[in-house]
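If you want the building blocks of each chain, they are given just below.
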Amino acid sequence: MLAAMAVAMTGTRVSAIALPWFVLTTTGSAVWTGVVAFAEMTPYVLVKLLAGPLVDRVGPRRISWAADVVSAAAAGAVVLLHSLGLLSMAVLAGLVAVIGAARGPGDLAKEIMVPEAAERARVPLERAAGLMGVTDRLAQTVAPAVGGAMVAVLGALTVLGISAACFVLGSVMVAWALPRGMGQRAPGREKHEGYWRRFGQGFAFLRGERLLLAMIVMVGVTNLLDAAYGQVLAPVWAKESGHGPAVLGLNGSVMGLTAVGGSLVAAAVAHRMRRRPVFFVAFLLAGPPKFVILAVDAPVWGMVVVFAVSGFSAGFLNPILSAITYERVPRHLLGRVQALGSSLAWAGIPLGGVLAGAAVAGAGLAPVLLTCGVAYALTTTLTGLLPASRDMDRRRGHGPAAPEPVRLSGARRPP
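Residues numbered from 1 in each chain as written. Predicted model: local features only at pLDDT ≥ 70, side-chain atom pairs only at ≥ 80, totals over all residues. Heavy atoms only, no water.

Peer 1: Give a detailed account of the overall build of the protein chain, specifying residues and quantitative values.
Peer 2: When helices and strands are counted, the protein chain shows 16 helices and 0 strands. Counting only contacts in the protein chain whose residues sit at least 6 apart along the sequence, the fraction spanning at least 24 positions is 88%. Of the accessible surface of the protein chain, which amounts to about 18,400 Å², a share of 69% is contributed by carbon and sulfur atoms. (Helix = DSSP H or I, 4+ residues; strand = E, 2+ residues; numbered from the N terminus. Contact = heavy atoms within 4.5 Å. Areas by Shrake-Rupley, 256 points an atom, 1.4 Å probe, with all protein chains shown as cover.)

Peer 1: Explain the nonpolar core to me, using residue names and the numbers behind them.
Peer 2: Core analysis: the biggest nonpolar cluster contains 78 residues, and Leu233, Phe279, Phe291, Leu294 and Met303 have the highest contact counts within it. Residue contributions to this core peak at 14 residues, all from helix α8 (residues 210-241). Setting aside residues no more than four positions away along its own chain, Met303 makes contact with Trp237, His243, Val247, Asn251, Ile293, Leu294 and Ala298. Listed in part, the 22 residues of the second largest apolar core include Val14, Val23, Val78 and Leu160. (Core = buried A, V, L, I, M, F, W, Y, C linked by side-chain atoms within 4.5 Å. Buried < 20%, exposed > 50% of the residue type's maximum accessible area, 1.4 Å probe, protein only.)

Peer 1: Hey, could you go over the packing of helix α7 (residues 195-207) against helix α14 (residues 334-346) for me, with residue numbers and the actual values?
Peer 2: Where α7 meets α14, the closest approach of the two axes is 8 Å, and the angle between their N-to-C directions is 65°. In terms of orientation, α7 lies roughly perpendicular with respect to α14. Of the two elements, α7 crosses α14, and the hand of that crossing is right-handed. On α14, the residues that touch Arg198, Phe199, Gln201, Gly202, Phe203, Phe205 and Leu206 of α7 are Arg336, Val337, Leu340 and Gly341. (Axes fitted to C-alpha atoms, helices over the stretch in contact; angles between N-to-C directions. Parallel < 35°, antiparallel > 145°, perpendicular 65-115°, else oblique. Left-handed = near helix turned anticlockwise from the far one by under 90°.)

Peer 1: I'd love a proper account of the pattern of salt bridges, names of residues and values included.
Peer 2: Using the criterion set out here, one finds 7 salt bridges in the structure. Asp68 serves as the salt-bridge partner of Lys110, at 3.1 Å between the closest nitrogen and oxygen. Separated by 42 residues along the polypeptide, Lys110 in helix α4 (residues 89-121) and Asp68 in helix α3 (residues 60-83) bring together distant segments of the chain. For Asp68, a relative accessible area of 5% puts it in the buried group. (Salt bridge = Lys/Arg side-chain N within 4 Å of Asp/Glu carboxyl O.)

Peer 1: Give a description of the side chain of Thr135 that names residues and reports values.
Peer 2: Among the structural elements, Thr135 can be located in helix α5 (residues 125-154). Apart from the residues lying within four places of it in its own chain, the contact partners of Thr135 are Leu2, Met5, Ala6 and Met9.

Peer 1: Tell me about the confidence of the model for the protein chain, and please be specific about residues and values.
Peer 2: Counting all residues, the mean pLDDT for the protein chain is 82, and 90% of those residues have values of 70 or more. The low-confidence segment residues 401-415 (pLDDT under 50) makes 22 contacts with residues lying over four places distant or belonging to another chain. (pLDDT = per-residue confidence, 0-100.)

Peer 1: Account for helix α15 (residues 349-363), with residues named and values stated.
Peer 2: Spanning 15 residues, α15 covers 21 Å between terminal C-alpha atoms, matching the ideal 21 Å at 1.5 Å per step. The complete set of buried residues in α15 reads Gly352, Gly353, Ala356 and Val360. Along the axis of α15, the buried positions cluster into a sector of 85°, meaning they face one direction only. Exposed positions of α15 whose direction lies more than 90 degrees from the buried face are Val354, Ala358, Ala361 and Gly362. Tucked into the core, α15 has its buried residues touching α8 and α16 (365-385). One or two steps after α15, the chain reaches Gly364, where phi turns positive at roughly 95°. (Expected span 1.5 Å × (residues − 1). Arc of directions from axis to C-beta.)

Peer 1: Explain the environment of Ile63 to me, and be specific about the residues and the numbers.
Peer 2: If you trace the backbone, Ile63 turns up in helix α3. In this structure Ile63 comes out as buried when scored by relative accessible area, which is 14%. Separated by 44 residues in sequence, Ile63 and Asp107 place their C-alpha atoms 9.4 Å apart. With near-sequence residues (within four places) excluded, Ile63 lies in contact with Leu54, Val55, Val58, Pro105 and Ala109.

Peer 1: An account of a nonpolar patch on the surface is needed here, citing residue identities and associated values.
Peer 2: A surface patch of nonpolar side chains, amounting to about 490 Å² of accessible area, comprises Val281, Leu285, Trp301, Val305 and Val309. Sorting the residues of the nonpolar patch by element identifies α10 (275-286) and α12 (300-314) as the ones contributing at least two each. In terms of residues, the nonpolar patch owes the most to one element, α12, which gives 3 residues. Within the element layout of this structure, Val309 appears in helix α12. Taking relative accessible area as the criterion, Val309 reaches 39% and is therefore assigned partly exposed. (Patch = residues over 30% accessible without salt bridge, like charges linked within 9 Å, V, L, I, M, F, W, Y side chains within 5 Å.)

Peer 1: Give a detailed account of the side chain of Arg103, specifying residues and quantitative values.
Peer 2: Relative to the helices and strands, Arg103 is located in helix α4. For Arg103, a relative accessible area of 11% puts it in the buried group. Every residue in contact with Arg103, bar those within four places of it in the chain, is listed here: Thr12, Glu40, Tyr44 and Ser71.

Peer 1: For the packing of aromatic side chains, give the residues involved together with the corresponding values.
Peer 2: Using the criterion set out here, one finds 8 aromatic pairs in the structure. Judged by centre distance (5.9 Å) and plane angle (45°), the ring pair of Phe291 and Tyr376 falls under tilted. Residue Phe291 is located in helix α11 (residues 288-295), and its partner Tyr376 is located in helix α16; the two are separated by 85 residues in the primary sequence. Side by side, Phe291 and Tyr376 carry an identical accessibility label, which is buried. An aromatic cluster is defined as three or more aromatic residues linked by ring pairs; in this entry it consists of Tyr229, Phe279, Phe280, Phe283, Phe291, Phe307 and Tyr376. Sitting above the plane of the Trp346 ring, Lys48 keeps its charged end 5.9 Å from the centroid. Sitting over the face of the ring of Tyr229, Lys290 holds its NZ or CZ atom 5.0 Å from the ring centroid. (Phe/Tyr/Trp six-rings, centres within 6.5 Å; stacked < 30°, edge-to-face > 60°. Lys NZ or Arg CZ within 6 Å of the ring centre and 35° of its normal.)

Shown next, in the form of structure tokens:
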């Protein structure tokens, strides 16, 4: 499972370097580069939001390998059409939208197979989620650097072809190596239910889970702030401070590498630690300091230390979040609940850069950095004080809740 995720994530991260560079060098237009990025992320979020009932009905294993095949075909079509001189920017945006639309349910399917893989391997959920976090962090840290080097040596189209090959390999690994029916535990009574009824069941379950809702809202706000940082605030700081992209890249690399270390530690010991204090202290160390340190014009060595601590702390977050989700959501609802939750948590990301750009233009960089740091700290602290956060350890070690009918308001009880 981890190997299949690593291959698919590598293909995604490499294409995230190759595609924008290809558009920018082909058209010279930052506008088209932004349009292509938007064309991928918007279908990703929307299709992932709606894919939950389908994944639960068809089964995540089938959805995973089929989505990787579609992604590979679309990426390969970009290479083929460009070589034939038939690739316009509109066609490219359409093919990239197909890749994004396939990635959404494909990523969702892989995520919801993790708890069953953990059960089969007799691995604690925190450890499985931690290893999943290590895989993701390594892909985020190593793949962009390797992808950038390959683009410089081989060219963007060749690297996009390599990305397509990664998607094919991930599909083959899931189709051949994972057991048939893995992750598919829908009760028999659901087989004849319609799509929107199944979608509504996921929504109804999530609405009644105060802890999960609190986590989703908190992560949604912090994701927006992180997007503002990555898309606008950090690049503007690099330019205005005179440090340039070298120090910006150094900070990112240090944070990425230490996040891998944090995820490894979480995989080893998180199942023995109290979740609530670890989670909220880690969130406070992972988010606000990086905004504040850039606002106060600290020396480079001080920034490196802060980003190292932030990255290490961030490595503990996803393992705990994932374990809580896997424990609290019945398996037959996991796809639709995970789809709703992750899509809502990602909803603010497209707005982060737009809001940050407008704020910097109106108030200046340093005040916006400090405001974002304070907002980050308040969001995490207030969530940690909610009564619902005390339930973070309640179902620990007991696996998912027993499947129960999720009744929609006004629905009749079945005979």
